[in-house]
Amino acid sequence: MAIVSVPNCGSVGVIQDLSNHELPINAWTDASNIRFLDGYVNQFLGHSQAYGTPSVVPHHVVPVIISGARYWIYASLAKIYAVTITAGSPVHTNLTRQTAGNDVDYSATANSWTSTILGGIPIMNAGNTTDPPQQWDLNTANNFAALSNWPANTYCKSMRAYKNFLVALNVTKSGTNYPYMVKWSHPADPGAVPSSWDQTDPTKDAGEFDLADGYDQIIDGLALRDSLMIYKENSVWRMDFTGGAFVHRNSKVMGTSGAMNRNCIVEVDGFHVVLTTNDIVIHDGMQARSILDKVTRRWLFKNMDVDQAYQSFVFKNPFFNEVYICFASIGQTIPGTAIVYNYVDKTVSKRTLPSIHHANFGQVDDSLNGTWAADPDPWSSDLTLWNGGDNAPNTSRVLMAGHDTKLYLLDGASSFDGAAPSAYVERRGLSFGSPDKIKLVKSVRPRIVGNNGETVTLKIGSQDDPWSEPVYTSMTHTIGSTVRNNCLVAGRYISFKVETGSAYTWRMDSYDIEVETIGDW
């Protein structure tokens, strides 16, 4: 008889593209709503509604600070609003552009909005050929309006800030699309938008060029360190400020992958994490590597709904060192599934989300952090302190744009908007170094922390070969009292699974399996 110990059982995460029986003992073959953090297996924290009910279905969210007050701009396909907390209540303000006091609706489509901040001024771009880029002066008495000094009859697929320039990507002029064009403004003065986009004016530094190498069109861009990275369909280009007659120069960085669509790039610690058409890569502007290769890359693209791939987007959750790659699974019409990459621990997991169109991180109002009335979790399952801080600081929260006309606060609760979470982590194909022997498992001893008295379900299963479906025996583990979970399960390959029972939140640090060899193959 032997006790097989599995310490730091969350240090590897999920690996689904390699054979089960060849994985490290602390790797997992599947998981849902499990966060691998600091070497532990954690059930994901949930989400809760914040800022009341939006006036429109939000499709894009942007945080801004106005005189110390924390606002969130949210755009639907037709309108733009802002919300803040005033005297403890959410106040939603219509900021849609107007003519003679009447809204002039936008014509955005799913995942077509892009946004950027230049000198504190939010710039929103609907990414079509009918709505020019929009700016807001941060005065709630005023509405968004067309970007000052932007050329007439000109549109762009994306607009991003780079240094004190604005850069338009994939430009349309007077009905003619220039899909390879990069167009930049004259440098803006502090706190102002650019004074000119006229590339023919020798007194200005505005200009434009084409990234004409290859057939792939420009999709989006984002600043990285001292450069602007420009993403085409199948390549990545680097734009650097040089000054002088040409102002900027460009060079090709990668030629085999670009960005899947807009809003598929985030910056973390001097790197870009990018969802491409066939992978998720991380790069520093020179060299790139896959973060999913031999982990879950094939799983991702087999489970992504091809018809809804254009809605996929990426956001970061910096408090937990995570990047979320959000997509619509097969059968979904709105993104509701995420691959979660921890860029510090280098682990990968999966999370179910409400149907959301976009998400962003920023500061939320202090009153949203730890209020009892707004807490959706059951009293007996809530681990936060009375009137105390929430699970993440309010200076680095993620707000998600819900398709059901809600603004969700990620990690804002243990429940999933009031519903009990459903989570599991599973390892199949354990041979304990002896695939030719039959093993008898007599007990499993996990170290699980959570709310004392609540339960998780443990399952031990057996398989004749590592690819067959295991036959499971279930055990109820009561947090704070159960030490050893007894069973009698025999097989050549062993599976172990932990599922949420009554516990709204729990963490497993390590586990031991009591196993005995009882026969040959």
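Residues numbered from 1 in each chain as written. Predicted model: local features only at pLDDT ≥ 70, side-chain atom pairs only at ≥ 80, totals over all residues. Heavy atoms only, no water.

Peer 1: Outline the overall build of the protein, supporting the account with residue identities and numerical values.
Peer 2: Looking only at helices and strands, the protein features one helix and 41 strands. For the protein, the spread of C-alpha atoms along the principal axes amounts to about 85 × 55 × 35 Å. A total of 521 residues make up the protein; the buried ones form 57% of that total. Intrachain contacts of the protein at a sequence separation of at least 6 include 61% that bridge at least 24 residues. A total of about 20300 Å² of accessible surface is found on the protein, and carbon and sulfur atoms cover 49% of it. Computing the positive centroid from 39 side-chain charges and the negative centroid from 50, the protein places the two 4 Å apart. (Helix = DSSP H or I, 4+ residues; strand = E, 2+ residues; numbered from the N terminus. Buried < 20%, exposed > 50% of the residue type's maximum accessible area, 1.4 Å probe, protein only. Contact = heavy atoms within 4.5 Å. Areas by Shrake-Rupley, 256 points an atom, 1.4 Å probe, with all protein chains shown as cover. Lys, Arg positive; Asp, Glu negative; His and termini not counted. Charge placed at Lys NZ, Arg CZ, Asp CG, Glu CD.)

Peer 1: Would you mind going over the sheet that holds strand E18 (residues 176-184) in detail, with residue names and values included?
Peer 2: As summarised here, the arrangement of the four strands in space is E16-E17-E18-E19, forming an open sheet in which the pairing is antiparallel. At either margin of the open sheet sits one strand with a lone partner, and together these are strand E16 (154-162) and strand E19 (207-210). The sheet shows a mean angle of 30° between the axes of neighbouring strands, direction not considered. (Pairing = 2+ DSSP bridges. Axes fitted to C-alpha atoms, helices over the stretch in contact; angles between N-to-C directions.)

Peer 1: Hey, could you go over the side chain of Asp509 for me, with residue numbers and the actual values?
Peer 2: Looking at where Asp509 falls in the secondary structure, it is placed in strand E41 (residues 506-520). Asp509 sits in the buried class, given a relative accessible area of 18%. One polar contact links Asp509 to Arg507, side chain to side chain, over a distance of 2.6 Å. Leaving out residues up to four positions away in the same chain, Asp509 has contacts with Pro7, Asn8, Cys9, Gly39, Tyr40 and Arg447. (Polar contact = N/O pair within 3.5 Å; in protein donor to acceptor, adjacent residues only side chain to side chain.)

Peer 1: Give a detailed account of the sheet that holds strand E25 (residues 271-275), specifying residues and quantitative values.
Peer 2: Overall, antiparallel pairing links the four strands, which are arranged E24-E25-E26-E27 in an open sheet. The sheet terminates laterally at strand E24 (265-268) and strand E27 (288-290), the two strands that pair on one side only. Geometrically, the sheet is characterised by an average inter-axis angle of 25° between neighbouring strands, direction not taken into account. Bridge count between E25 and strand E26 (residues 280-283): four bridges; the pairing is antiparallel. What sits directly across from Val273, in E26, is Ile282.

Peer 1: How would you sum up the pattern of salt bridges? Please name residues and give values.
Peer 2: A pair can form between side chains of opposite charge whenever their charged atoms are brought close. Under the criterion given, the structure shown has 25 salt bridges. Asp105 serves as the salt-bridge partner of Lys79, at 2.7 Å between the closest nitrogen and oxygen. In this pair, Lys79 is assigned in the loop between strand E7 (69-75) and strand E8 (80-86) and Asp105 in the loop between strand E11 (102-103) and strand E12 (114-118), connecting sequence segments 26 residues apart. Exposure remark for Asp105: the relative accessible area of 39% places this residue in the partly exposed category. Among the ionic pairs, Asp512 bridges to Arg447, the shortest N-O distance being 3.0 Å. Here Asp512 is found in strand E41, whereas its partner Arg447 is found in strand E36 (residues 437-450), with 65 residues between them in sequence. Taking relative accessible area as the criterion, Asp512 reaches 11% and is therefore assigned buried. In this structure Arg447 comes out as partly exposed when scored by relative accessible area, which is 35%. (Salt bridge = Lys/Arg side-chain N within 4 Å of Asp/Glu carboxyl O.)

Peer 1: I'd love a proper account of the packing of aromatic side chains, names of residues and values included.
Peer 2: For the structure on display, the rule yields 14 aromatic pairs. With 5.5 Å between their ring centres and 80° between their planes, Tyr106 and Trp113 make a pair best called edge-to-face. Their ring planes at 45° and their centres at 5.8 Å tell us that Phe165 and Phe241 sit as a pair that is tilted. Note that Phe165 is positioned in strand E17 (residues 165-173) and Phe241 in strand E22 (residues 236-243), a separation of 76 residues in sequence. Since its relative accessible area comes to 2%, Phe165 is described here as buried. When its relative accessible area of 41% is taken as the criterion, Phe241 is described as partly exposed. For the cation-ring pair, Arg351 lies above Phe44, with the distance from its terminal atom to the ring centre recorded as 5.6 Å. Sitting over the face of the ring of Tyr40, Arg507 holds its NZ or CZ atom 4.5 Å from the ring centroid. (Phe/Tyr/Trp six-rings, centres within 6.5 Å; stacked < 30°, edge-to-face > 60°. Lys NZ or Arg CZ within 6 Å of the ring centre and 35° of its normal.)

Peer 1: Just give me the short version of the confidence of the model for the protein, but keep the residues and values in it.
Peer 2: In this model, the protein carries an average pLDDT of 93, and 95% of its residues clear a pLDDT of 70 or more. Segment residues 383-389 is flagged for pLDDT under 50; beyond a separation of four residues in sequence, or across chains, it makes 12 contacts in the model. (pLDDT = per-residue confidence, 0-100.)

Peer 1: Can you lay out the side chain of Asp305 for me, pointing to particular residues and giving the numbers?
Peer 2: Looking at the secondary structure, you find Asp305 in the loop between helix H1 (297-303) and strand E28 (313-317). There is no salt bridge for the buried Asp305, and the closest opposite charge comes from Lys302, which lies 16 Å off by N-O distance. Only 3.1 Å separates the side chain of Asp305 from the backbone nitrogen of Gly331, close enough to count as a polar contact. When near neighbours in sequence (up to four residues on either side) are disregarded, Asp305 contacts Ala328, Ser329, Ile330, Gly331 and Gln332.

Peer 1: Please provide a residue-by-residue account of the pairing of strand E31 (residues 347-352), values included.
Peer 2: Burial analysis of E31 places five of its six residues in the buried class, the great majority of the element. Sheet analysis places strand E30 (residues 337-342) next to E31, joined by six bridges and oriented antiparallel. Bridge pairing links Thr337 to Thr352 in E31. The hairpin turn running from E30 into E31, its antiparallel successor, is four residues long, and Lys346 in that turn takes a positive phi close to 60°.

Peer 1: Can you explain the pairing of strand E35 (residues 424-430)? Please cite residues and give values.
Peer 2: Summarising burial for E35: six of the seven residues are buried, a large majority. Across three bridges, strand E2 (residues 30-32) lies against E35 in antiparallel orientation. When the sheet's bridge partners are listed, Ser32 is paired in E35 with Tyr424.

Peer 1: Break down the nonpolar core for me, with residues and values.
Peer 2: Ranked by internal contacts, the top residues of the largest apolar core, which has 31 residues, are Trp28, Val41, Ile460, Phe496, Trp506, Met508 and Tyr511. Every element with two or more residues in this core is listed here: strand E1 (2-6), strand E3 (34-37), E35, E36, strand E37 (455-463), strand E39 (485-491), strand E40 (493-500) and E41. With five residues, E41 is the single largest residue contributor to this core. If near-sequence neighbours (up to four positions away) are discounted, Val41 is found in contact with Cys9, Gly10, Trp28, Ile34, Arg35, Phe36, Val425, Trp506, Arg507 and Met508. Judged by nonpolar contacts, the second largest core, of 26 residues, contains Leu23, Val266, Leu292 and Ala309. (Core = buried A, V, L, I, M, F, W, Y, C linked by side-chain atoms within 4.5 Å.)

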